[in-house]
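# Descriptive analysis of the structure
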Amino acid sequence: MAEAQKVENLATVIAELEQKCVEMPDNFIAHHHLGLVYRKAGRHQDAIRELKRSIELDDNSAEPYVNLGGIYYEIGDLDEAMKANKKALTLMVKPAQAHVNIGLIHQQRGEVAAAIDSYTKAVTHEPEFALGWVNLATAQVMADDFAAAETAARKATELDPTLGMAWNNLAVALFYKEEYQGAKAAMDTALKTGYAVDPRFIEAVKGAL
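In every chain, residue numbers begin from 1 and rise along the written sequence. Owing to the predicted nature of the model, reporting of local features is limited to residues with pLDDT of at least 70; listing and counting of side-chain atom pairs is limited to 80 or more, with chain, interface and lining totals taken over all residues. Only hydrogens and water are removed before side-chain values are computed, so all heavy atoms of the structure are retained for them.

### Considerations on the overall build of the protein chain
- Segments assigned H or I by DSSP are reported as helices when at least four residues long, segments assigned E as strands when at least two residues long, and all are numbered from the N terminus. For the protein chain, the count of helices and strands is 12 helices and zero strands.
- Listing the helices and strands of the protein chain from first to last along the sequence gives α-α-α-α-α-α-α-α-α-α-α-α.
- Taking the principal axes of the C-alpha coordinates as reference, the protein chain spans close to 65 × 45 × 25 Å.
- Buried residues are those whose accessible area, probed at 1.4 Å on protein chains only, stays under 20% of the maximum for their type, while exposed residues exceed 50% and partly exposed ones sit between those limits. Looking at the 209 residues of the protein chain, the share that counts as buried comes to 44%.
- Taking the intrachain contacts of the protein chain between residues at least 6 apart in sequence as the baseline, contacts between residues at least 24 apart amount to 47%.
- Accessible area of the protein chain: about 11,000 Å², with a carbon and sulfur share of 54%.
- Counting rule applied: Lys, Arg positive; Asp, Glu negative; His and chain ends not counted. Charge placement uses NZ in Lys and CZ in Arg. For Asp and Glu, CG and CD serve respectively. Each charge class in the protein chain was averaged separately, 21 positive and 30 negative side chains, and the resulting centres sit 1 Å apart. We call two residues in contact when some of their heavy atoms are within 4.5 Å. The Shrake-Rupley method, run with a 1.4 Å probe, gives the accessible areas here. Residue values count only the displayed protein chains as cover.

### Details of the nonpolar core
- As used in this record, nonpolar core signifies buried Ala, Val, Leu, Ile, Met, Phe, Trp, Tyr and Cys residues forming a set joined through side-chain atoms within 4.5 Å. If you look at the biggest cluster of nonpolar residues, it comprises 36 residues, and the most contacted ones within it are Tyr119, Trp133, Leu136, Leu170, Met187, Val197 and Phe201.
- When residues of this core are traced back to their parent elements, those giving at least two are α6 (96-108), α7 (112-125), α8 (130-142), α9 (146-159), α10 (164-176), α11 (180-192) and α12 (199-208).
- A per-element tally of this core places α10 first, with eight residues.
- With residues up to four places along the chain from it excluded, the contact list for Leu170 reads Glu150, Ala153, Arg154 and Ala186.
- Residues Leu34, Leu51, Ile55 and Met82 belong to the second largest nonpolar core, which totals 27 residues.

### Quick notes on α8
- Here, expected helix span is obtained from the residue count minus one, scaled by 1.5 Å. With 13 residues, α8 extends 19 Å from end C-alpha to end C-alpha; this agrees with the ideal 18 Å at 1.5 Å per step.
- Burial runs high along α8: 11 of the 13 residues are buried.
- Taken together, the buried positions of α8 are occupied by Ala130, Gly132, Trp133, Val134, Asn135, Leu136, Ala137, Thr138, Ala139, Gln140 and Val141.
- With its phi angle positive at about 65°, Asp144 sits one or two positions after the end of α8.

### Observations regarding the environment of Tyr195
- Mapped onto the elements of the fold, Tyr195 is located in the loop between α11 and α12.
- For Tyr195, a relative accessible area of 29% corresponds to the partly exposed category.
- Note: C-alpha distance between Tyr195 and Thr162 (33 residues apart in sequence) is 9.7 Å.
- Contacts of Tyr195, omitting those with residues within four sequence positions, involve Gly164, Met165, Asn168 and Ala190.

Coordinates in, geometry out; function isn't part of it.
Below, the structure written as structure tokens:
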């Protein structure tokens, strides 16, 4: 019943925003918001159309580019995702999110060094951006740089102790450094936050103790 109510509410919001865009066709904010709810509803092509319309009406706003890049990433069009986020970089005062998004694209392509570079730029611009440190730790694990991954993951846990992925990444880094007790403690904290730790990793940690 609750899920059906959410779907109904979303449909109502979409209808209201569609009407607003008809009444104010040159309102870039209305088109942007409609694009966001289309995205939430899984209507990716409609979302892309509305975000592009928002950009046509105001090419100086970074947020539509970031959201457009996010949709392209979701549907697997990494080239368009990269273009949108690179454009966002030129418009953002605090570009950490765009750098993280670009890092994710590089990571998806298996370009680990480039991903590390992008995440490093993110945390350099915004040292308090916990998600940037989390993603940096992930890429550093992929690069087998476990000491650096531990440092990045610990920074993320300090910035946001509720961020389960940060504790998970710390556990992984410590595990590969053969610090198994520390790995288990970090893993247990990740589990307490509700993070879905890989069952294979749980067994690996238990087996190493």
